[in-house]
Structure formats: C-alpha cells, structure tokens
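Coordinate analysis (summary)
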Amino acid sequence: MQRPLAASLLTALTLTLAACAGTAAPAPKDTRAPTAPTGVTAAAGSASTVHVMWSAATDDRAVTGYAVYREGRKVKDLPATTLMTDVIGLAPATRHRFTVRARDAAGNVSPPSTTVTATTLPATAEDRTPPTTPTALRVTADGNRAATLHWSPARDDTRVTAYDVYQADTRIHTVPGTATTARLTGLRPGTAYAFTVRARDAAENSSPDSAPADLTTAPSPGAPPNTAPSDLTATAAEGEITLTWTPPKTGAPVTHHELHLDGRFATTIVWGATPPPGRATYTFQVQDPPGTRYTLTLRAQLPDGTWGDFSAPRTVVVR
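Keep in mind that what you see is a predicted model, and the values were worked out from it rather than measured. (Residues numbered from 1 in each chain as written. Predicted model: local features only at pLDDT ≥ 70, side-chain atom pairs only at ≥ 80, totals over all residues. Heavy atoms only, no water.)

1. Comments concerning the environment of glycine 291
Checked against the element boundaries, glycine 291 lands in the loop between strand S19 (280-285) and strand S20 (293-300). Here glycine 291 falls in the partly exposed class, since its relative accessible area comes to 47%. On a C-alpha basis, the gap between glycine 291 and valine 316 in space is 9.3 Å, while along the polypeptide they are 25 residues apart. Those residues in contact with glycine 291 that lie beyond four places of it in its chain are Val317 and Val318. (Helix = DSSP H or I, 4+ residues; strand = E, 2+ residues; numbered from the N terminus. Buried < 20%, exposed > 50% of the residue type's maximum accessible area, 1.4 Å probe, protein only. Contact = heavy atoms within 4.5 Å.)

Okay, structure coming up:
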C-alpha cells in the first residue's frame, strides 16, 4: 500500500530537522579586539638601543602576540609570552616615541598603548671596561605571584646605564642605571626561583652576575607545600662540576634526585638505602669546551614515588 504524499513529506521533514539538530552550529566569528597594553615603559640602554616593557593585555579569547611601534612604524612582532624587547640600531642622542599593540588569533588588533618616549645616550669613545658586579642582592615576596629585588649599585668608569634582571640565565626585566630595585610580576605560586642582576654601561658592556637571590613563592590556598631541594650551589673545576644542596624534608630519607641541565633530564643521583646526613654533594664530569654555560636544577623523589618540585636554578660556566 502506497504511503500518502503528505505523510512522506512529513517523514522527510522530520529526518531533515533531526540531521540539522545533530550538526553543531559554527562558532561565532571573533571580532572583539584585545585591550591596549598598559604599563608601557621605555629606557635607553646605550647610544643605539632602547628597552621597551609593558604589562599583558587581555582578550575575550586569548592574546597571541604583540607589536612594538617606533614613530608609528612597526619594528617588532613578538609572541604573547614576551612582554619586553630591545629596539636596536637607533641613532645616538635622539628622542624616540614607542607604542605597543596586542593581537589575537583572529587578527584583531588592540588600540595603541599610551605613547612613551626615550632618548638614546650620546655616542662615546670606545669603552671595553664593564661595570663592577652589583652586590647585596636580596628578594622579598609580594604575595605569591610577585616579588621585589633590592641591590647595592655597581660602579663604572663612565656610568651604569641599566640593570638587567636574570632568571635561570634568561633576562626577564631591565631598569634604568639609577635604580636599585625591580618589581617582578607573573610568578607562579609554590615555585622556587633564583634571580641575579647584571649592570650595563652605554657601550653595552655587562658586569658579571651578582650572587643569586632565591625565593620560593607561597603555594596557592589548599596546595601542598613546596618540596624542592634548597641552597643549591654549583662549582666548576677543570673538566667537572660539583653540586651541593640540602634535600627536602619529606618524612623519609631521600634516596633519589634527578639532575636536569638546561631544562632537560641528565641523570638520576642514587644514594642507596642510607643517604648522606645533612647537605648532599655530587660531582660529575663534563667534556664541553671551557666557557660553556649550564643551567642546573634538581628535584627529589618523594616517599610515594613521585618527583617533587624543582630547586631554584643555578648557572655555572665550564672551566
């Protein structure tokens, strides 16, 4: 018996509606631009460079990058994780204007930030003498996501023009040569950090690193305490590096530590059933040429078999 035409049409319409109902609607197009970056600063570091910094912008989805402009022309494209840059190749004793814009994955670009200015230093005779090392570096926590560094000033045969703050051998902040403090933001709760400071002069000569200042930020509410080894030191001799540290208190003897070089696993240090009391020491051989730099971190195996938090990093130069 043949189905009536009206019933057939109703069945087809029902199937069509069911198929449509199972298809996800396309995501709405992203047309909202990020906010303009704030806290933009510019400071001359030499006769030909200016250091530009800013605070992160926000977006309804995600900021994917930043662009730095000089006199209205784009001079740098940077990823979203970068909040500072050096603009190089500038003319000496010249005033420059800088702005920063944020962008998102859809290509939306924020309004320009507030314009900041900086004047490059006058050109000087050739200078190859670096400043002295900054001393008395110390760090204080500002909550669990920020910290402030303080140090005693360095000296130079001309003058110190900038101080660069390093974390794990990576520059993360710069302040003018007249400053002896720096505030760091964007830290992670419950994390061990080590900071050093270098002084720089107008000829871009940098001092040796200051002694490190360690900080372990407070954990987030409800998070377990930090389990990183503490007071790590790294000393280079010819063809070898010696580490000393204090193992964390875990409620049981710590028999295993992991050593990481430049963020990559290198070896497991095993003490056996009875680890040494107090501070631990470990020496390993290196075959890299003198001058090679390593950043080292340690973490301990906890009683439940998992690995704990990483120590504050140490940088060492092969001799």
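Here the narrative resumes.
2. Section: the nonpolar core
A general tendency of soluble globular proteins is for nonpolar side chains to be buried together. Core analysis: the largest hydrophobic core is formed by 20 residues, its most contacted members being Val139, Leu149, Trp151, Tyr163, Phe195 and Val197. The set of elements that each furnish at least two residues to this core consists of strand S8 (135-141), strand S9 (146-152), strand S10 (160-167), strand S12 (181-185), strand S13 (192-201) and strand S14 (213-216). By residue number, the principal contributor to this core is S13, which donates four residues. Dropping the residues within four chain positions of it, leucine 149 is found in contact with Leu137, Arg138, Val139, Val165, Thr180, Thr181, Ala182, Leu184, Phe195 and Val197. Membership of the second largest hydrophobic core comes to 19 residues, among which are Val63, Ala102, Ala118 and Leu121. (Core = buried A, V, L, I, M, F, W, Y, C linked by side-chain atoms within 4.5 Å.)

3. Here we look at the side chain of arginine 198
Within the element layout of this structure, arginine 198 appears in strand S13. When its relative accessible area of 14% is taken as the criterion, arginine 198 is described as buried. Here the side chain of arginine 198 touches tyrosine 166 through a polar contact of 3.3 Å, side chain to side chain. In this structure the side chain of arginine 198 is engaged in a polar contact, spanning 3.3 Å, whose partner is the side chain of aspartate 169. Non-local contacts of arginine 198, meaning those with residues more than four positions away in its chain, are made with Pro134, Ala162, Tyr163, Asp164, Tyr166, Asp169, Ser207, Pro208, Asp209 and Arg293. (Polar contact = N/O pair within 3.5 Å; in protein donor to acceptor, adjacent residues only side chain to side chain.)

4. What to know about the pattern of salt bridges
With the rule as written, the count across this model stands at 15 salt bridges. Across the salt bridge formed by aspartate 86 and arginine 171, the nearest N and O atoms sit 2.3 Å from each other. Pair noted here: aspartate 86 is in strand S5 (residues 84-87) and arginine 171 is in strand S11 (residues 170-176), with a separation of 85 residues, a long-range link. A salt bridge links aspartate 214 to arginine 314; its shortest N-O distance comes to 2.6 Å. One end of the pair, aspartate 214, is in strand S14; the other, arginine 314, is in strand S21 (residues 314-317), and 100 residues separate them in sequence. (Salt bridge = Lys/Arg side-chain N within 4 Å of Asp/Glu carboxyl O.)

5. Some thoughts on the confidence of the model for the chain
Here the chain averages 90 in pLDDT, while 92% of its residues score no lower than 70. Scored below 50 in pLDDT, residues 1-15 shows two contacts in the model against residues more than four places distant or in partner chains. (pLDDT = per-residue confidence, 0-100.)

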